[in-house]
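# Observations on chain architecture
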Amino acid sequence: NILLFFIINMKSTVIACSNIAFVKYWGKLDKSKNIAMNSSISMTLDENLSTKTTVEFSKEFKEDILILNNEKYSDNKLLRVSNFLDIIRQKAKVDLFAKVISINSFPTGTGIASSASGFSALAAASTKALGLTLTNEELADYARLGSGSASRSIFGGFVLWDSEHCHQIKDEKHWDKLRDIIVIVSSVEKKISSRAGMKKTVDTSTKYKQRLTKVGKTIEVVQNAIIKKDFETLAINIMKDSDNMHECMFDTEPSLVYLNDTSNKIKEVVNKLNKNKIIAAYSFDAGPNAHIITRQENVELITRELLKIFGVQVVVSKPGQGIKYSDDHLF
Ligand code: DP6
């Protein structure tokens, strides 16, 4: 019985990697469709920063179940996942609950963004489990509904999110000597989520209005720097855009401060290393952890300097692939 076979196999597993935005997404034009105020560009990272997710739909389940890093959730996290699964269920015309088990390759509680890898893995695994065949572009549109930055993680390498749809600029082999040294700042402070924070910025910051008039040019410059592998131009613009986003955060009412003293020390170290020649770029998301973009040949030197800062840990990542399907299910 083919139908029965289909029903008992509504399970799929996907590995998706995180990404670091070189030009940041901060603010929504349309909250319900998760359309961004501006385009963003990112580099997908490798499996050092990934999420593996198994999704199964079954009539055995009486409600959606979410287990993240061996912990069962029944709070807002589950609600966000269930709301997302509702969209996929509606699309597939299926009315079954799901069990979702997910593990991150990076330590939890470090504040490393997991919504990007998390929702891209969930989008790919849930649609596959329900037998939907989608292009990566269509998949990115679904992932976006879970989390904006997740749409970029569907693709490998260098990705443009044009505020609505995602496109790969170049794959992971194009600039395989590029590295991201992720500096985990151990004293993680409680922070306002990106979602809540960006809404406040859009509503209250005047600097943000200026940002929106300039970011289109930055997108063009960064895209060309990636295509030409022009490290210096890339590095200057990565730092400028990260600083600009954090200035807008600070200009928000009430002020949003995501960086701490250690983050600022990291910036100082990078500025010192760049004194004679630009060899590294810092980039910060909505938290104190730093991403240091550099070329492979400088990883050792930079890591040595960064580790002199008290209490930090580093993880080195390179351009990674887009989503990968696996037969090695988590349950
Ligand atoms: C600072 O994608 O987490 O990391 O769409 O509300 O889920 P939602 O927000 P999210 O925001 C990421 C913001 C950022 C910049 C970036 O990754 O572009």
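Structure's up top.
Now for a look at the structure at hand. (Residues numbered from 1 in each chain as written. Predicted model: local features only at pLDDT ≥ 70, side-chain atom pairs only at ≥ 80, totals over all residues. Heavy atoms only, no water.)

### Topic: the overall build of the protein
A count of helical and extended segments in the protein gives nine helices and 16 strands. Against the compact-globule benchmark of 20 Å for 331 residues, the protein has a radius of gyration of 20 Å, which places it among compact chains. The principal-axis extent of the C-alpha atoms belonging to the protein is close to 70 × 40 × 35 Å. For the protein, the proportion of its 331 residues judged to be buried stands at 55%. The contacts of the protein with a sequence gap of at least 6 include a subset with a gap of at least 24, amounting to 77%. On the protein, roughly 15600 Å² of surface is accessible, and the fraction owed to carbon and sulfur atoms is 51%. (Helix = DSSP H or I, 4+ residues; strand = E, 2+ residues; numbered from the N terminus. Rg over C-alpha atoms; globule rule 2.2 N^0.38 Å. Buried < 20%, exposed > 50% of the residue type's maximum accessible area, 1.4 Å probe, protein only. Contact = heavy atoms within 4.5 Å. Areas by Shrake-Rupley, 256 points an atom, 1.4 Å probe, with all protein chains shown as cover.)

### A short note on the sheet that holds strand E11 (residues 166-170)
Ordered in space as E2-E5-E10-E11, the four strands form an open sheet in which the pairing is antiparallel. Of all the strands in the sheet, the pair left with one neighbour each is strand E2 (19-23) and E11. Going from strand to strand, the sheet's axes swing by 30 degrees on average, the running direction of each strand aside. Packing of helix H6 (residues 206-228) onto the sheet brings it into contact with E2, strand E5 (40-44), strand E10 (158-161) and E11, and relative to E2 it is tilted by some 120 degrees. (Pairing = 2+ DSSP bridges. Axes fitted to C-alpha atoms, helices over the stretch in contact; angles between N-to-C directions.)

### Notes on the site of the ligand
Contacts to the ligand come from 18 residues, most closely from Tyr25, Lys28, Ser147, Gly148 and Ser149. Between an oxygen atom of the ligand and a side-chain N or O atom of lysine 28, the distance comes to 2.6 Å. Serine 115 is positioned such that a nitrogen or oxygen atom in its side chain is 3.4 Å from an oxygen atom of the ligand. Contact with the protein chains covers 94% of the free accessible surface of the ligand, which is 460 Å². When residues of the shell around the ligand are assigned to their parent elements, the largest contribution, three residues, is made by helix H5 (residues 194-204). By residue class, the composition of the shell around the ligand is six nonpolar, six polar and six charged. (Near = heavy atom within 4 Å. Polar contact = N/O pair within 3.5 Å; in protein donor to acceptor, adjacent residues only side chain to side chain. Nonpolar A, V, L, I, M, F, W, Y, C, P; charged D, E, K, R; others polar.)

### Describing unusual backbone geometry
With glycine set apart, most residues show a phi of negative sign, and most peptide bonds adopt trans. Of the consecutive residues glutamate 253 and proline 254, the connecting peptide bond is found in the cis state with omega at -5 degrees. Along the polypeptide, proline 254 turns up in the loop between helix H7 (231-250) and helix H8 (261-273). If you check the backbone angles, asparagine 34 has positive phi at about 50 degrees while not being a glycine. With respect to the helices and strands, the residue asparagine 34 is situated in the loop between strand E3 (28-30) and strand E4 (35-36). Residue classification places asparagine 34 among the buried positions, given a relative accessible area of 3%. Here the phi dihedral of asparagine 69 falls at roughly 45 degrees; this positive angle occurs in a residue that is not glycine.

### A word on the packing of aromatic side chains
Going through the model one piece at a time under the given rule, you end up with four aromatic pairs. Taken together, a centroid distance of 5.7 Å and an interplanar angle of 75 degrees make the contact between phenylalanine 84 and phenylalanine 119 edge-to-face. With phenylalanine 84 in helix H2 (residues 76-92) and phenylalanine 119 in helix H3 (residues 115-129), this residue pair connects regions lying 35 residues apart in the sequence. The burial state of phenylalanine 84 is the same as that of phenylalanine 119; both residues are buried. Centroid distance tyrosine 282 to phenylalanine 284: 6.0 Å. Interplanar angle 45 degrees. Geometry classified as tilted. An identical accessibility class is assigned to tyrosine 282 and phenylalanine 284; each is buried. The ring of phenylalanine 331 is capped by lysine 11, whose NZ or CZ atom sits 4.5 Å from the centre of that ring. Its end group placed over the ring of phenylalanine 331, lysine 99 keeps NZ or CZ at 4.8 Å from the ring centre. (Phe/Tyr/Trp six-rings, centres within 6.5 Å; stacked < 30°, edge-to-face > 60°. Lys NZ or Arg CZ within 6 Å of the ring centre and 35° of its normal.)

### A closer look at the side chain of threonine 54
Along the polypeptide, threonine 54 turns up in strand E6 (residues 50-58). Overall, the relative accessible area of 0% leaves threonine 54 in the buried class. At a separation of 2.7 Å, a polar atom in the side chain of threonine 54 contacts the side chain of threonine 13. A polar atom in the side chain of threonine 54 sits 2.8 Å from the backbone nitrogen of leucine 330. Setting aside its immediate chain neighbours within four residues, threonine 54 contacts Lys11, Ser12, Thr13, Lys99, Val100, Ile101, His329, Leu330 and Phe331.

### Let's talk about the nonpolar core
Of all hydrophobic cores here, the largest spans 49 residues; its most connected members are Trp26, Phe57 and Leu122. Here this core gets seven residues from one element, more than from any other, and that element is H3. Those residues in contact with tryptophan 26, other than ones at most four positions away along the chain, are Asn38, Ser194, Gly197, Met198, Thr201, Tyr208, Met245, Met249, Leu256, Tyr258 and Ala286. By size, the runner-up hydrophobic cluster in this structure holds 48 residues, among which are Leu49, Met239, Tyr282 and Ile292. (Core = buried A, V, L, I, M, F, W, Y, C linked by side-chain atoms within 4.5 Å.)

### Some points on the sheet that holds strand E12 (residues 178-185)
Note on sheets: strands pair through backbone hydrogen bonds, and any given pair is parallel or antiparallel. With antiparallel pairing, the four strands of this open sheet are ordered in space as E13-E14-E12-E15. The open sheet has two free edges, formed respectively by strand E13 (280-284) and strand E15 (312-317), since each of these has just one partner strand. On average, adjacent strands in this sheet sit at an angle of 25 degrees to one another, irrespective of strand direction. Lying over the sheet, helix H9 (residues 299-306) contacts E12, E13, strand E14 (290-295) and E15, oriented at roughly 10 degrees with respect to E12.

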